[in-house]
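Each chain is listed here by its residues.
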Amino acid sequence: MTNGFFDSVDEVTERLAATGYLASPAIATTVFLADRLGKPLLVEGPAGVGKTQLAKAVSEAAGARLVRLQCYEGVDEARALYEWNHAKQLLRITAGRGESWDEARTDVFSEEFLLPRPLLTAIRSEEPTVLLVDETDKADVEIEGLLLEVLGDFQVTVPELGTITAVRRPFTVLTSNAGRELTEALRRRCLFLHIGFPEEELERRIVTLKVPGLDAALATSVVRVVGALRAMDLRKVPSVSETIDWARTLLALGADRLDERVVRETLGVLLKHRDDIVRAGAQLDLDAV
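Owing to the predicted nature of the structure, the values given are computational and were not obtained by experimental measurement.

> So what's going on with the overall build of the protein? Which residues, and what values?
Assigned secondary structure in the protein consists of 14 helices and nine strands. In terms of overall dimensions, the protein has C-alpha extents of about 85 × 45 × 35 Å along its principal axes. Expressed as a percentage of its 289 residues, the buried residues of the protein come to 46%. The contacts in the protein between residues at least 6 apart in sequence include a share of 75% that link residues at least 24 apart. Looking at the protein as shown, the accessible area adds up to about 14,300 Å², and 50% of this sits on carbon and sulfur atoms. Considering the protein, the positive charge centre built from 35 side chains and the negative charge centre built from 46 side chains are found 2 Å apart.

> Any chance you could break down the packing of helix H10 (residues 200–210) against helix H12 (residues 240–253) for me, citing the residues and the numbers?
Two elements in contact, H10 and H12, have axes whose closest approach is 10 Å; the angle formed by their N-to-C orientations is 50 degrees. In terms of orientation, H10 lies oblique with respect to H12. Here the hand of the crossing between H10 and H12 comes out right-handed. Contacts between H10 and H12 involve Glu203, Ile206, Val207 and Lys210 from the former and Val240, Thr243, Ile244, Ala247 and Arg248 from the latter. When its residues are assigned to classes, the contact of H10 with H12 shows five nonpolar, one polar and three charged.

> Can you explain the pattern of salt bridges? Please cite residues and give values.
Taken as a whole and judged by the stated rule, the model has 18 salt bridges. Measuring nitrogen to oxygen at the nearest pair gives 2.3 Å for the salt bridge that ties Arg117 to Glu83. Residue Arg117 is located in the loop between strand E4 (114–116) and helix H7 (118–124), and its partner Glu83 is located in strand E3 (residues 82–84); the two are separated by 34 residues in the primary sequence. Residue Arg117 is classed as partly exposed on the basis of its relative accessible area of 24%. Linking Arg279 and Asp276 is a salt bridge whose minimum nitrogen-to-oxygen distance equals 3.9 Å. You can see Arg279 and its partner Asp276 sitting in helix H14 (residues 274–283), three residues apart, about one turn around the helix. Overall, the relative accessible area of 31% leaves Arg279 in the partly exposed class. Several salt bridges share partner residues, and in doing so they unite Glu44, Glu181 and Arg187 into one network.

> Lay out the packing of helix H1 (residues 9–18) against helix H2 (residues 25–37) in plain terms, naming residues and giving numbers.
Their axes nearest at 8 Å, the elements H1 and H2 cross at an angle of 110 degrees. It follows that H1 is roughly perpendicular to H2 by the angle criterion. Viewed along their axes, H1 and H2 form a crossing whose handedness is right-handed. Two secondary-structure elements touch here, H1 through Val9, Val12 and Thr13 and H2 through Ala28, Thr29, Val31 and Phe32.

> An account of the state of the cysteines is needed here, citing residue identities and associated values.
One pass over the structure, following the stated rule, counts zero disulfides. Of all cysteine sulfurs in the structure, the one in Cys190 sits closest to Cys71, which takes part in no disulfide; the separation is 12 Å.

> Got a sec to walk through the packing of aromatic side chains? Specific residues and values, please.
One pass over the structure, following the stated rule, counts three aromatic pairs. Centroid distance Phe5 to Phe6: 6.3 Å. Interplanar angle 90 degrees. Geometry classified as edge-to-face. Both residues of the pair, Phe5 and Phe6, belong to the buried class. Aromatic side chains Tyr82 and Trp84 sit 6.3 Å apart centroid to centroid with 80 degrees between the ring planes, which places their arrangement in the edge-to-face category. Residue class for Trp84 comes out buried when judged on its relative accessible area of 8%. Taking the ring centre of Phe113 as reference, the NZ or CZ of Lys88 above it sits at 5.6 Å.

> Please set out the sheet that holds strand E8 (residues 171–176) residue by residue, giving values where relevant.
Strand order across the open sheet formed by five strands is E2-E5-E8-E1-E9, with parallel pairing between neighbours. What marks the edges here is a single partner per strand, and that holds for strand E2 (65–70) and strand E9 (191–194). The average undirected angle you get between the axes of adjacent strands in this sheet is 20 degrees. Here strand E5 (residues 129–134) pairs with E8 via four bridges, running parallel. Looking at E8, one finds that Val130 is bridged to Phe171. Sheet contacts for H2: strand E1 (41–44), E8 and E9; angle to E9, the most-contacted strand, approximately 160 degrees.

Rules used in this analysis
Residues numbered from 1 in each chain as written. Predicted model: local features only at pLDDT ≥ 70, side-chain atom pairs only at ≥ 80, totals over all residues. Heavy atoms only, no water. Helix = DSSP H or I, 4+ residues; strand = E, 2+ residues; numbered from the N terminus. Buried < 20%, exposed > 50% of the residue type's maximum accessible area, 1.4 Å probe, protein only. Contact = heavy atoms within 4.5 Å. Areas by Shrake-Rupley, 256 points an atom, 1.4 Å probe, with all protein chains shown as cover. Lys, Arg positive; Asp, Glu negative; His and termini not counted. Charge placed at Lys NZ, Arg CZ, Asp CG, Glu CD. Axes fitted to C-alpha atoms, helices over the stretch in contact; angles between N-to-C directions. Parallel < 35°, antiparallel > 145°, perpendicular 65-115°, else oblique. Left-handed = near helix turned anticlockwise from the far one by under 90°. Nonpolar A, V, L, I, M, F, W, Y, C, P; charged D, E, K, R; others polar. Salt bridge = Lys/Arg side-chain N within 4 Å of Asp/Glu carboxyl O. Disulfide = S-S within 2.5 Å. Phe/Tyr/Trp six-rings, centres within 6.5 Å; stacked < 30°, edge-to-face > 60°. Lys NZ or Arg CZ within 6 Å of the ring centre and 35° of its normal. Pairing = 2+ DSSP bridges.

Function cannot be read off these values alone, since they describe shape.
Put into structure tokens, the structure is as follows:
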């Protein structure tokens, strides 16, 4: 069963904008198709361009519950899917010392002792739900095998309880910074969306929306300087979130224009490596931007 959150691409654009997320036509179209087709959405791109925020915005726009699985190296089935409440099981077994194991087993492997984690929580949810599998590329490859069953048929098998199938499929978003290549099997199950750095005009609109009170001319200058930095050979170019942070910094400092002193003193908001700051300080020409 598909979610039916949105009726058109234009509606996606409008409702996401109402949450503060300005979606490009490509983003709005792919979100609409993922919703209409009931397919998971794999969103790839550099850190800080709004991948996670997209899932949050869809959740807010649709009035849906957000369930988030944060991936990291070593995340396992117990953290992603479910685990048993072993302490409570032990207490139950201890309390029923006169019972046989067959009698106790039926009880301790029941719903009362099950601890659902994000994947199972989303699958079992009967209310509109957005499932966010964040930074999928940070998890071990083994986790992808688990995701294949969940995302392929939207079902989960708990050996002691049987197969649990989603009554209402969650709108599912997987994000990746492309730290490692995801398997083709996982990619085949998803619609794909790449979010890169936005065009200058869109980023200016984003900054203006996120930093109310910022002078329009200063917002334009901010976006152009960030664009110049992204064209340099840096270890880590500034993301959209860092553009917003820099705009907020300038507003807090009461700056009404960009000059060499202000830029030099605030480059640490945009750049996170000393050698990047040194290179930017030497190469950045404010007159040219």
